[in-house]
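Residue-level listing of the chains:
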Amino acid sequence: MNTATSERKAAGAVPLGHAERKYGWLGRARYAKRVRLGTYTMASGVILMLAGGVAPWNGVLLWLAGFVATNVGLLLRSRIRCRVCGLDPWTCRKALQVTRSLRMLWLAALEVCPVCGDDGSATPDATARWLSSGGTPEQPYWTSRRVVVALLLGVGCVGGGLVVAEWRKRSWAERLRESRRGPTKG
Ligand SMILES: [Zn+2]
């Protein structure tokens, strides 16, 4: 019953249907496991970060652990390349046309590299064909400027989290002090 409803939901919301289970290009390029592991690591990281944020005690460590896990997951997921033309399928022009939330499904449904047409197995034949075709590889999305901006954003995120945690800790301590002061006055 449950699987039936979730399948109907997926079919209604996502035009790519059952793409998730196919992993065509990803599977042949042997990236499927890593991408799945990255997704789970990322999801647990986000949960840890949320838990750290709402924890009644000082949740900085929990939050930091979540932050690290989220980034490890992101790294695991992002380090995939076409072995023939070097394309990064997450950030290639075709992928950026897809809504961010659907990009994973798009990648899962990908059968051949959008630039060189390799099916993921990257045989010497495919490489030779690509080289002799004279096609030009796509410019990578992650230029050094974009990397610097992303790093600064990451540092800002950690700093902001620590400030919020410190503020929460203080307001807790204050409230505690107030509640102790209350009854002695009256
Ligand atoms: Zn390619």
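Residues numbered from 1 in each chain as written. Predicted model: local features only at pLDDT ≥ 70, side-chain atom pairs only at ≥ 80, totals over all residues.

K.L.:
Looking at this structure, I do not really get the overall build of the protein. What am I missing?
P.N.:
Each helix and strand counted, the protein has eight helices and zero strands in total. Beginning at the N terminus, the succession of helices and strands in the protein can be written as α-α-α-α-α-α-α-α. When contacts within the protein are restricted to residue pairs at least 6 apart in sequence, those whose partners lie at least 24 apart make up 65%. (Helix = DSSP H or I, 4+ residues; strand = E, 2+ residues; numbered from the N terminus. Contact = placed C-beta atoms within 7 Å.)

K.L.:
How should I be thinking about unusual backbone geometry in this particular structure?
P.N.:
In terms of backbone geometry, most residues other than glycine have negative phi values and most peptide bonds are trans. Even without glycine at this site, arginine 30 takes up a positive phi of about 60°. Of note, arginine 30 is situated in the loop between α2 (24–28) and α3 (32–54). Phi is positive for alanine 122, close to 50°, though the residue is something other than glycine. Structurally, the position occupied by alanine 122 is in the loop between α6 (103–109) and α7 (124–133).

K.L.:
Help me understand the packing of α3 against helix α4 (residues 60–78) in this model?
P.N.:
Helix packing for two helices is described by the angle between their axes and how far apart those axes are. Where α3 contacts α4, the axes come no closer than 7 Å and their chain directions differ by 160°. The angle between α3 and α4 places the two elements in the roughly antiparallel class. Both α3 and α4 take part in a crossing whose hand is left-handed. Its residues assigned to classes, the contact of α3 with α4 comprises 16 nonpolar, ten polar and two charged. (Axes fitted to C-alpha atoms, helices over the stretch in contact; angles between N-to-C directions. Parallel < 35°, antiparallel > 145°, perpendicular 65-115°, else oblique. Left-handed = near helix turned anticlockwise from the far one by under 90°. Nonpolar A, V, L, I, M, F, W, Y, C, P; charged D, E, K, R; others polar.)

K.L.:
Looking at this structure, how should I read the confidence of the model for the protein?
P.N.:
Low pLDDT marks stretches whose predicted atomic positions should not be read closely. Summary statistics for the protein give a mean pLDDT of 83 and a share of 86% for residues scoring 70 or more. In this model residues 1–15 is a low-confidence stretch, pLDDT under 50, and it forms three contacts with partners more than four residues away in sequence or in other chains. (pLDDT = per-residue confidence, 0-100.)

K.L.:
Even after reading the chapter, I still don't get α3, so can you show me in this structure?
P.N.:
Each α-helix winds once per 3.6 residues, and so residues spaced three or four apart point in a common direction. A rise of 1.5 Å per residue sets the reference length of α3, with its 23 residues, at 33 Å; its end C-alpha atoms lie 34 Å apart and thus fit the reference within 8%. When α3 is considered as a whole, its buried residues turn out to be Val35, Gly38, Thr41, Gly45, Leu48, Met49 and Gly52. (Expected span 1.5 Å × (residues − 1). Buried ≥ 20, exposed ≤ 12 C-beta atoms within 10 Å, placed from the backbone.)

K.L.:
Whenever I open this one, the nonpolar core confuses me. Can you help?
P.N.:
Nonpolar side chains in soluble globular proteins generally cluster together in the buried interior. In terms of nonpolar packing, the biggest core is built from 22 residues, with Leu26, Cys82, Val84, Cys85, Ala108, Cys113 and Cys116 touching the most fellow members. Among the secondary structure elements, those contributing two or more residues to this core are α2, α6 and α7. In terms of residues, this core owes the most to one element, α6, which gives four residues. Non-local contacts of cysteine 113, meaning those with residues more than four positions away in its chain, are made with Trp25, Cys82, Val84, Cys85, Leu87 and Asp118. Judged by nonpolar contacts, the second largest core, of five residues, contains Leu48, Met49, Ala69 and Ala165. (Core = buried A, V, L, I, M, F, W, Y, C linked by C-beta atoms within 7 Å.)

K.L.:
Is there a simple way to explain the environment of serine 121 in this structure?
P.N.:
Within the element layout of this structure, serine 121 appears in the loop between α6 and α7. In this structure the C-alpha to C-alpha distance between serine 121 and tryptophan 25, which are 96 residues apart in sequence, comes to 7.9 Å.

K.L.:
Teacher, can you tell me more about α4 here?
P.N.:
Between its terminal C-alpha atoms α4 stretches 27 Å, which fits the 27 Å expected from 19 residues at 1.5 Å a residue. Every buried residue of α4 is accounted for by Trp63, Gly66, Ala69, Thr70, Gly73, Leu76 and Arg77. In an axial view of α4, the angular spread of the buried residues amounts to 150°, which keeps them on one side of the axis. (Arc of directions from axis to C-beta.)

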